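Chain and residue survey
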Amino acid sequence: MNADVAVENTSAIALWNDPTAPVSARVDALIDAMTLEEKTAQLFGVWVGASDEGGEVAPHQHEMEEPVDLDALLPTGLGQLTRPFGTVPVDPALGALSLARTQARIAATNRFGIPALAHDECLAGFAAWGATAYPVPLSWGATFDPALVREMAEAIGRDMRSVGVHQGLAPVLDVVRDARWGRVEETIGEDPYLVGTIGTAYVQGLESAGTVATLKHFAGYSASRAGRNLAPTSMGPRERADVLLPPFEMAIREGGARSVMNAYTDTDGIPSAADEALLTGLLRGTWDFDGTVVADYFAIAFLKTLHGVAADWADAAGTALRAGIDVELPNVKTYGAPLTEAVADGRVPEALVDRAVRRVLTQKVALGLLDPDWNPLPAALDATDEDDPSALRGRIDLDGPANRALARTLAEQSIVLLSNDGTLPLDRPRRIALIGPNADEPTAVLGCYSFPQHIGVRHPDTPLGIELPTLRETLAAEFADAEITYARGTGVDDGDLSGLAEATRLAREADVTLVVLGDRAGLFGRGTSGEGCDVATLALPGAQQQLLDALLDVETPVVTVLLAGRPYALGRGVGESAAIVQSFFPGEEGTRAIAAVLAGRVNPSGRLPVSVPRGPGSQPGTYLGAPLAHASEVSSIDPTPAFAFGHGLSYTRFEWTDLAVEAQEEPTDGEFALSLTVCNTGERSGTEVVQLYLHDPVASVVQPVQRLVGYSRLALEPRQARRLRITIPADLASFTGRDGRRVVEPGELELRLSASSADPRLTARVTLTGAERHVDHTRRLHATILQEPTT
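All chains use their own residue numbering, which begins from 1 and follows the written sequence. Given that this is a predicted model, residues contribute local features only at a pLDDT of at least 70 and side-chain atom pairs are listed and counted only at 80 or more, while totals for whole chains, interfaces and linings are drawn from all residues. Values shown for side chains rest on all heavy atoms present in the structure; no hydrogens or waters enter the calculation.

1. Notes on the overall build of the protein chain
Inclusion rule: Each helix is a run of H or I in the DSSP string that is no shorter than four residues. Each strand is a run of E no shorter than two, and both are numbered from the N terminus. Between the two quantities, the radius of gyration covers C-alpha atoms and the globule rule is 2.2 Å times the number of residues to the power 0.38. Contact criterion: two residues are considered in contact whenever any of their non-hydrogen atoms come within 4.5 Å of each other. Using the Shrake-Rupley algorithm and a 1.4 Å probe, accessible areas are obtained, with residue cover drawn only from the displayed protein chains.
Broken down by element type, the protein chain carries 21 helices and 28 strands. A globule of 791 residues ought to have a C-alpha radius of gyration of about 28 Å, and the protein chain, at 27 Å, matches this closely. Summarising its shape, the C-alpha atoms of the protein chain cover approximately 80 × 65 × 55 Å along the three principal directions. In the protein chain, 80% of the contacts between residues at least 6 apart in sequence involve partners at least 24 apart. With the model as given, the accessible surface of the protein chain reaches about 27500 Å², and the carbon-plus-sulfur share is 49%.

2. Considering the side chain of Glu688
Heads up, the rule is: Here a polar contact is recorded for every N or O atom pair within 3.5 Å, except that within protein the pair must consist of a potential hydrogen donor and a potential acceptor, and residues adjacent in sequence are included only if both atoms are side-chain atoms.
Relative to the elements of secondary structure, Glu688 occurs in strand S20 (residues 686-695). A distance of 2.9 Å separates polar atoms of two side chains, one belonging to Glu688 and the other to Arg607.

3. A few points about the sheet that holds strand S27 (residues 773-775)
Test applied: For two strands to count as paired, DSSP must find a minimum of two bridges between them.
If you walk across this open sheet you meet the three strands as S23-S24-S27, and the pairing is antiparallel. The strands lining the two open edges of the sheet, one partner per strand, are strand S23 (735-736) and S27. When S23 meets strand S24 (residues 742-744), the two strands line up antiparallel, connected through two bridges. Each residue of the ladder has a partner; that of Thr736, found in S24, is Arg742.

4. As for the side chain of Asp266
Within the secondary structure layout, Asp266 lies in strand S8 (residues 266-267). When residues no more than four places from it in sequence are discounted, the contact partners of Asp266 are Pro232, Thr233, Pro271 and His307.

5. What about the sheet that holds strand S26 (residues 760-769)?
Strands pair in a sheet through their backbones, by hydrogen bonds, and they do so in one of two ways: parallel or antiparallel. Cut-off, in case you're wondering: Whenever a helix is involved, its axis is fitted only over the stretch in contact; in every case the axis is a line through C-alpha atoms, and angles between N-to-C directions fall within 0 to 180 degrees.
One open sheet holds the five strands; their spatial order is S18-S26-S25-S20-S21, and the pairing between them is mixed. Two strands bound the open sheet, and with one partner strand each, they are strand S18 (665-667) and strand S21 (707-716). On average, each strand axis in the sheet is inclined to that of its neighbour by 25°, with strand direction left out of account.

6. Some points on the confidence of the model for the protein chain
Heads up, the rule is: Confidence of the predictor at the level of single residues is captured by pLDDT, which takes values from 0 to 100.
Looking at the protein chain as a whole, the pLDDT averages 94, with 96% of positions reaching at least 70. In the predicted structure, residues 1-10 sits below a pLDDT of 50 and forms 20 contacts with residues beyond four places in sequence or in another chain.

7. Quick look at the packing of aromatic side chains
Defined as follows: Side-chain rings of Phe, Tyr and Trp, where Trp is taken by its six-membered ring, are said to pair if the distance between their centres is within 6.5 Å; with planes under 30 degrees apart they count as stacked, over 60 as edge-to-face, and otherwise as tilted. Burial classes follow relative accessibility: with a 1.4 Å probe on protein chains only, a residue under 20% of its type's maximum area counts as buried, one over 50% as exposed, and anything between as partly exposed. Should the NZ of a Lys or the CZ of an Arg lie within 6 Å of a ring centre and within 35 degrees of the ring normal, that charge is described as sitting over the ring.
What the rule picks out here adds up to 16 aromatic pairs. Aromatic pair Trp181 and Tyr221: ring centres 5.1 Å apart, planes at 80°, arrangement edge-to-face. Taken together, the positions of Trp181 in the loop between strand S5 (167-168) and helix H7 (192-208) and Tyr221 in the loop between strand S6 (212-218) and helix H8 (237-244) put the pair 40 residues apart, joining distant regions of the chain. Ring geometry for Tyr264 against Phe302: centres 5.5 Å apart, planes inclined by 50°, an arrangement best described as tilted. Within this pair, whereas Tyr264 is found in the loop between strand S7 (259-262) and S8, its partner Phe302 is found in helix H11 (residues 299-305), the two being separated by 38 residues in sequence. With respect to burial, Tyr264 and Phe302 carry one shared label: buried. Every member of this aromatic cluster is reached through a ring pair, and the members are Trp47, Trp181, Tyr221, Tyr264, Tyr297, Phe298 and Phe302. One cation-aromatic arrangement involves Arg761 over Trp656; the distance from NZ or CZ to the ring centre is 5.3 Å.

8. A short note on the pairing of S7
Burial along S7 is two-sided: the residues Ser259 and Met261 and Val260 and Asn262 are all buried. Pairing analysis gives three bridges linking S6 to S7, with the strands arranged parallel. When the sheet's bridge partners are listed, Thr214 is paired in S7 with Ser259.

9. What about helix H17 (residues 471-478)?
Note: α-helices contain 3.6 residues per turn, so residues at a spacing of three or four share the same orientation. Operational definition: Our arc is simply the arc of the directions from the helix axis toward the C-beta atoms.
Of the positions making up H17, those classed as buried are Leu471, Thr474 and Leu475. Each buried residue of H17 lies within a common arc of 100° when the element is viewed along its axis, so the set occupies one face. Looking at the packing, one finds that the buried side of H17 touches strand S12 (431-435), strand S13 (483-487), strand S14 (512-518), strand S15 (558-564) and helix H21 (590-599).

10. A word on the pairing of strand S22 (residues 721-729)
In summary, the side chains of a regular strand alternate between the two faces of the sheet. Counting buried residues in S22 gives seven out of nine residues, a clear majority hidden from the surface. The sheet contact formed by strand S19 (residues 671-680) and S22 spans nine bridges and is antiparallel. Across the sheet, Cys679 pairs through a bridge with Ala721, a residue of S22. Examined bridge by bridge, S22 and strand S28 (residues 784-789) share six bridges and lie antiparallel to one another. Residue pairing across strands places Arg722 opposite Pro789, the latter belonging to S28.

11. A few points about the pattern of salt bridges
Going by this rule: The rule for a salt bridge is simple: a side-chain nitrogen of Lys or Arg has to be within 4 Å of a carboxyl oxygen of Asp or Glu.
Going through the model one piece at a time under the given rule, you end up with 47 salt bridges. By sharing partners, the salt bridges in this structure join Asp399, Arg404, Arg408, Glu467, Glu588, Glu589 and Arg592 into a single network.

12. Some words on the environment of Gly606
In this fold, Gly606 is placed in the loop between H21 and strand S17 (654-661). Residues Gly606 and His217, 389 residues apart in the sequence, show an inter-C-alpha distance of 26 Å. Here Gly606 is in contact with Ala142, Gln413, Ser414, Ile415, Val416, His647 and Gly648, once residues within four sequence places are set aside.

13. Remarks on the packing of helix H18 (residues 500-508) against helix H19 (residues 544-552)
Each packed pair of helices is defined by two parameters, the angle between the axes and the distance between the axes. Note the following rule: Each helix crossing is assigned a hand: it is left-handed if the near helix lies turned anticlockwise from the far helix by less than a right angle, otherwise right-handed if that turn is clockwise.
Remark: H18 packs on H19, axes separated minimally by 9 Å, with the N-to-C direction vectors making an angle of 35°. The two elements H18 and H19 meet at a crossing, and its hand is right-handed. Every residue of H19 that contacts H18 at Leu500, Ala503, Thr504 and Ala507 is listed here: Gln546, Leu547, Ala550 and Leu551.

14. Quick notes on unusual backbone geometry
A cis amide bond links Ala170 with the next residue in sequence, Pro171, at an omega value of 10°. Cis peptide bonds are those with omega within 30 degrees of zero, and the linkage from Phe218 to Ala219 qualifies with 0°. Note on placement: Ala219 falls in the loop between S6 and H8. The backbone of Phe585 shows a phi angle near 30°, a positive value even though the residue is not glycine. Looking at the element boundaries, Phe585 is found in the loop between strand S16 (579-584) and H21. Positive phi, close to 55°, is recorded for Asp658, a residue that is not glycine. Mapping Asp658 onto the fold places it in strand S17. For Asp658, a relative accessible area of 53% gives the class exposed.

Now the structure itself:
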């Protein structure tokens, strides 16, 4: 497969193919040589599915799109290939060969030899058949461990690049505002600092592997009214600036993300896909982002069909292009003939096309796709593999031992022990009653963007491609000496109560009952969690609460285990369960991790990235609320959670002492220095998560009661202590003031060192002095937390 395609049959290399020339010069020369049709061809994708026989990919006809004539498109070029691995089950090696052959055809067919950029989903692992299914992002948040998430993302990025994929559509940086929203499982949590730090680590890992990270959904998708998917968003400019935008700002500034995807929603009547102030003014003008903005699937067409701000496809194309969307995904609808015709008749300036294509081609040049030695064969294949495609099946392993070990560590660190009366860890019980709809369900650990749940469900005759032991199986291995009896009790959401009698009978005969509840991930109503699976309340789905209550009526201790995509109100379970173990779709190694926590081989260290509600109807609500958002004497609704953001127990105990504040007063451009000692006073090793919250009692605009501004995981052996030294820049006290600018105001602050948002252990009362100071996106974003051993 020869990628050296020249415009003219000469021996001289074209400037755009010269790797020694500046990127800008290469791109300018190429744009100058292109026709309008060749330029617009770089601005859209075609949805494809790789061939399981190693042949070329075929256009994928989505139910919302007309068929694509690939033969007609390719002579002018092609910008992107949409989800070559994430469309149908395909052996990874044969999929890689299929993609390579298609890329060779694309490059050979257009006169500049430009291949497409291939993208795929990677929300919780590369969404390909046979690839590792890692825990979902909500579990990443529960780890409070950016370094571990970065390691996972680097592994995902390497796997994607090894088979020829260039861009991953992750991470989701939406901050949870209403847990009824079906896509909560895809988010990292309800706090912008946690989302920003974990999300930035993911970006760093993916980008370090050479894979383009795509930040989504920019901006405000998670703030939709009533938690409904793709609903209008109601928020003021300060909520947007101080809650929803900071994770994107951090991931661009510190993560080096090279792509951003718009949100579907409209805010105050302006769809994100048409928001020039957001996509160009803020993103590029203020934050200096120089990558590509890609459309969420069909978002440009939605300007006409859903939002009603475009009269026809050409109008939609011009509106999105002017706002700043460079690439139409997943298929060509508006950026093809409608855009070309609109430019030709003067409705859309060609300069807008040139602006977008310059960004696209700059990225392709940076990826080496225009270099003379570019080879469509990815790293996992070589030239001899083309001779006998059938011999390739099984050659590439996207779920090797290193991946699985990493998935196990993430799962273990993400499990949150919400309550425990001493029943856990289980001490060699003789008889265990295992009850619940998720106790013997292999896919109960997977989110909706995992390949088995996203694509595999449409191919029931195809094996899962990865090993997914059920909790019933891993408990049998973990407690080999115990008699384990099992009853489903009820389904996830079928409301069937016929199994309650058997469940309670088994519970009476057991030493301990494990009831395994939660969600089934799916899409657009096919699950209880996932895209389009929004809920009216946070009551457990189906008849699961009735099952839990029936088991609590039995005298046998009940350990409640949750495999879920969002937090749920547990009713009586909060106070009457012997213990509660919360996991958020912990991935393919999740049940082994849960079994290890129940047995005590793993000491739980996860912390809640979202609050667990006390009642099912107290939404929307997060800990990050102003005083009026919290409980009061003038409302009969108490939104106080059962378990607060940041909460999580351990099998050991920690003592926090000796808070020292270097100076009680610092100027508004200064920094505070604190130190404290944390000691493991228990009998086994464990990890504490020290959380730093800022409380601003008096400000020029209403502030949250408190907000997270720093955290640190602290692993300690029994009786071991460490001194933490924390430097807190005044910039962390900044917020969006009355004039719309970010300001640091003088005045008193409380710096709360806490085990959760509801459990402050030590508090430093300090004061900022001097004049108020305006800061911008170059402000300091982090406290510095150093761990030192004590003598």
